[in-house]
Structure formats: structure tokens, C-alpha cells
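Chain and residue survey
The chain contents come next:
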Amino acid sequence: MKGLLHQTYIEVRLQLRRREVLVFTLLLPVLFLIFFGALYGSQKQHGVSYIDYIVPGYAVFAVMAVALGTLSSNIAFEREFKILKRLGGTPLPRLYLLLAKIIAGALLAGAVIAVLLLFGTFAFHAHLHGNILGSLAVLAVGVLSFAAIGIAIGGTVKPDSAVAVGNLIYLALSFLGGVFIQLDQFPSGLLTVARFLPSEHMVHAMQSMWTFGEGLNQVGGDLLVTAAWGAAAVIFGARRFRWM
Amino acid sequence: MAQSEAAVEPTAAEASPETIIVRDLVKSYGSIRAVDGVSFSVSRGQIFALLGPNGAGKTTTVEILEGYRKPDAGTARVLGYDPIAQGHAMKERIGLMLQDTDLYGKIKVGEAIDLFRSFYSHPQDAGSLLALVGLESHRGAFFENLSGGQKQRLSFALALAGNPEVAFLDEPTAAMDPQMRHQTWDIIRGLRTQGVTILLTTHYMEEAQRLADQVAIMDHGRLLAMGTPEDLMAGSAHDIVTFRAPAGVDLRTFQGLPSVVNVREERPGLYAITTTDALDTVGALSGWHVRTGTPIEGLRVSGATLEDIFLNLTGTEVRD
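Residues numbered from 1 in each chain as written. Chains lettered and ligands numbered in written order. Predicted model: local features only at pLDDT ≥ 70, side-chain atom pairs only at ≥ 80, totals over all residues.

With that settled, the discussion passes to the sheet that holds strand β4 (residues 73-78) of chain B. Residue and element names in this part refer to chain B. The strand order β2-β1-β4 describes an open sheet built from three strands, whose pairing is antiparallel. Strands with a single pairing partner mark the edges of an open sheet, and in this sheet they are β2 (32-43) and β4. Between one strand axis and the next, the sheet turns by 20 degrees as a mean value, whatever way the strands run. The sheet strands contacting helix α1 (residues 58-65) are β1 (18-29), β2 and β4, and the helix crosses β1 at an angle near 120 degrees. (Pairing = 2+ DSSP bridges. Helix = DSSP H or I, 4+ residues; strand = E, 2+ residues; numbered from the N terminus. Axes fitted to C-alpha atoms, helices over the stretch in contact; angles between N-to-C directions. Contact = placed C-beta atoms within 7 Å.)

Structural data, given as C-alpha cells:
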């Protein structure tokens, strides 16, 4: 347990020391919010301000950036340089090592989301709903599912291509999930694809709660689809993950 | 992990003086038999060196003992534990140093020490670990800014973070300068006096000769010879006679002397004769010197070194 806590602490510290993580993972969602919020934030759609749509969307974007983009490339890097191997030679259980990375990712994503909420509310006058516990539950499902996908990528893709693969997947999921473009502007073919993606369901779940004030019971289907992707990634990862 | 708690009791008797047991170990990668029927054991508090060229199977043998690889056949036991089935309990009591000594680039030396200490129930004191490897003044340095030798010293300290009873050191001094290498040898000897069992791999002949209680020479997955360095060297019947004489003497002159096995002119004017009977050869050589008036200087007779044994057994230079 002491090992898990210490490993988590180190994972957070290491991420905060890396400039590319600070800029691309932590700062990017906030910059997008400021940019698009300033451009369109006050426009209305179906009687709701655009800013009320994009804050929950960027919250999902932040989760994916940390849990999918950064986690996959970190794991691939640590695999290539035998860091995972070295830690595997200690009494720290391997599951704890992965858990530490997931918890660290959740903390970082949580910090970004807090900043998004502050900016959204105070700079762009977003009117968001939703109870805190319900929101945390939805975000937890998102973090776990996207982290499972990130870990599966990091442990199976060749280390030198993992960064590209991880980033490509998380950007594609962001666009197709409706983070940047509202789904009703999608052509119908693309919309059909999007309906299968965990990102679309996470964005939908977060907007249902924060934008329209629906309860946790309204987003069960979204959580189920997202969790199914996570479960599939766990099964795939358990079979194919390479520690060294 | 919870599920391994039930299996913490070692299968073999704890009282066994042999902390490492390897029996008929086999491990293949595809068609290559990396380890091909290796057996040895190491007693508590001994330093055991696996000596061999790269690709000999040393690392594979050690990684089976560390629980990284599953053998195809044979038995491996460390402190009585099966390294795979009881890996978690075993890792609490062993320390290891891999050939790859990389860590997170942005971790500080002191943080790495504290991190590894947090994994063990009875960790070694952080200050004494840093002092042991001479990195006290680098406590706040990022790993990525350390030199190769410093990284290796940190890796050595991390191997000792849990106060191990057995330490596996895979080429522990490869990136160190000679001074640091000698210091590291002293640390390893110090561990032995505390009763720590040490299994190290090396391709430095000198390291094995100076440090190890037992040496096993390995090549192509097999052990070619095993014993104390002295035993191994005594087992060789050959001596080497070296001397200086004018350059370009016809080597057949020396080849014809009694008991001579082999003659080399190592550089112009420096000759080395391998002989089965040094007295016989030197007597004839001095006869030749008196007869022909050819000057001979710096005559020396030396026993074979571990390197000579190694070359005789593996037929190769140490492959790097």
C-alpha cells in the first residue's frame, strides 16, 4: 500500500515536470476553452449557450488526453527503456504499478477539469448543472475505460509508434465523439460510426448531466457502452500486454 | 497482491545452506538454446560469478532466477522460493541490478531511492544507501543528468534498497571507471561479510578472479568449468614464459625447445612461450642463449590466468 501511494506520488510529480505533458495534455483543453469560448461561447443553440456544451466536452477531452494519450506513450516508453521491467523486479505488484498510473492520471485530469469549470463559469458565464457525486462517477468510468485503452496500446504497440498511435486515437475519438463539433452537424454515415464510440457516449453523458441537468439514471446506457470498451481493452491487454 | 499471500512459504527447507539452486535448467528462444542444461548452487554468503562472452546465456539464467522468465525445463530456487509461483514473496528478500539501468529521466536520485524503499517492508536507510555508492551530493540531481557510471551506482543502490538476502547483479561494473569498479568490489565484499549471497555476471576476468568465491565459465548455454578461481587456474597444466630478445628471431627456434606448446611474438622483441614444463623449457632456453650469444632480458615465468583458462575453454576472445 505504501508502495502504491509512493508510486502514485512519483507518477504525478514526473508528469508535472515534463513540459510536453504540461503543454499538450494539461494546458491544451484550457486553451481550447478560452479560444472557442471567446469565439462562440455566447451563441445559443436550442436555447442553450454554446459554452454549456463545450465545458463538459472538454472535460472528456482532458480525460482522454491524460488517460489515453499520455498514459499510452508513457507505458510504451517505460517498456522500451526497461523501467517497467525494473519495477517488476520489486515487491510492488504489477497491478499496483498500473493502478498508480491510473490514479495519477485521474488526479491530473481532475485538476484540468477544475480549471475548465472555473474558467467556464467565471470567464464565460456557463450555467452548468449536475451533482458532484454523479459527475465524479461518470468521470471515473471514463478515466478507467480510457486508461484501459491507453494501457492496452502502450503495452502492445511498438514503442516508437506508440506516441503516434495513442495521440491519433485520442484525437480521432475527440473529433468523432463531438468534443469540437456538435454531433447534429455530422453527416449521417459518420454519425452512425460515432454512436459506437466511447468518446461520443462520454460527451453525451457529461452534457446530459452538466448542460441539461439530468441525473445519473439517465446516462446508464452511455456508461455501459464506455465501460464495454474499457472491458474489451482489459481483456485484450491481459492477453497481449508486454512488460519488457 | 492478495492472491500470492497464501503461497509465501518457501517450498524447500529454509535451513538449506544453499540460497540459490539451479538444476538442469533449459530455456530456448525459437531454435536457439540460450540455457542448455545448467546446474549449480550458491551457498549463503558466497559470491558466485557467471563468466562468459555475450550471448553465453548468463543473463537468461539470472532472469529465470529473478522470476522474469519461465524455464522450459529444470528447477530454479532462490531462498527456497519458486521464482515464478512465489515471486512476490521472493522479491521482498532479493535485490537486483539489470544490465539496463535506465529510470525515469525526470526522477531525482533521492526520490528514486525513497520510491524503491517504499516497496519493501524492511528498507535500508536512504542516507546510508546514498553514502554507500557515493551519490550523497547528487540527491537532488535528475536521473537524466547522471553519467553512465553514476546511473549504474544508483542502480546498485536500488538493488540494496530492501536489505536483500540475495543480490543478483548483471554486469554491475560495466559502465564504471576503474576506481569506482574497485570501490564497488569493496561494497560487494562488504555485503558478503553481512551474509548476503551474491550472484553476478561479468565478462571482466579480473572481476571474477578478485571477487568471486566460485566462478562458473559459461558459453553457448552450458557451464564449461566451475570452481574457485584458484582451482580453475591450478587445473591448467600450462605456464607462460615471457622474455625480451632481438626482434624477428625465427619462432621455430623456440618451438623446437622441450615441452613447448605454443610460441608467440606478442610484439617485436617480446616473446611468450606456453609450456607444460617451465623448468625444462627455461633450461634449454638458457643453453641457447649461451650457445648463440643472443641477449635475453626480462625473463619471467607465470602461471596461466583465468583469462587463459577462459580462452582455452571457450576458444574465443570475450565477445563484447
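On to the environment of B:I113, then. Residue and element names in this part refer to chain B. Along the chain, I113 falls in helix α3 (residues 109-117). Sequence spacing of I113 and L130 is 17 residues, and the spatial spacing of their C-alpha atoms is 8.1 Å. Discounting chain neighbours no more than four positions away, the residues touching I113 are A126, L129, L130, A157 and A161.

The subject of this paragraph is the pairing of strand β10 (residues 239-244) of chain B. All names here are of chain B. Burial of β10 is one-sided: the residues D239, V241 and F243 facing one way are buried, the residues I240, T242 and R244 facing the other way are not. Bridge analysis of β10 against strand β13 (residues 297-303) gives five bridges, and the strand direction is antiparallel. Directly across from R244, in β13, lies its bridge partner E297. (Buried ≥ 20, exposed ≤ 12 C-beta atoms within 10 Å, placed from the backbone.)

Let us now look at the interface of chain B and chain A. Taken together, the contacts link 19 residues of chain B with 19 residues of chain A. When contributions to the side of chain B that touches chain A are tallied by element, the ones reaching two or more residues are α2 (87-91) and α3 of chain B. At three residues, the largest contribution of residues to the side of chain B that touches chain A is made by α3(B). Residues belonging to the side of chain B that touches chain A are distributed by class as follows: ten nonpolar, two polar and seven charged. (Nonpolar A, V, L, I, M, F, W, Y, C, P; charged D, E, K, R; others polar.)

Often, the extent of an interface is quoted as the loss of accessible area on bringing the components together. For chain B, the assigned domains are domain 1 (2-228) and domain 2 (237-303). When each unit is reduced to the centre of its C-alpha atoms, the spacing between domain 1 of chain B and domain 2 of chain B is 44 Å. (Domains from an automatic or database assignment.)

Residue and element names in this part refer to chain B. Look at α3 against helix α5 (residues 148-159): their axes get within 9 Å of each other, and the N-to-C directions meet at 25 degrees. Classed by the angle they form, the pair α3 and α5 counts as roughly parallel. Pair α3 / α5 crosses with right-handed handedness. Packed against α3, whose contacting residues are V109, A112, I113 and F116, the element α5 presents L154, A157 and L158 at the interface. (Parallel < 35°, antiparallel > 145°, perpendicular 65-115°, else oblique. Left-handed = near helix turned anticlockwise from the far one by under 90°.)

Counting residues in hydrophobic clusters, the biggest one holds 141 residues, and the most contacted among them are A:A62, A:V63 and B:A157. With 18 residues, the single largest contributor to this core is helix α3 (residues 50-80) of chain A. In contact with A:V63, other than residues within four places in its own chain, are A:A109, A:L139, A:G142, A:V143 and A:F146. Counting six residues, the second largest nonpolar core, distinct from the first, contains B:V241, B:F243, B:A245 and B:F254. (Core = buried A, V, L, I, M, F, W, Y, C linked by C-beta atoms within 7 Å.)

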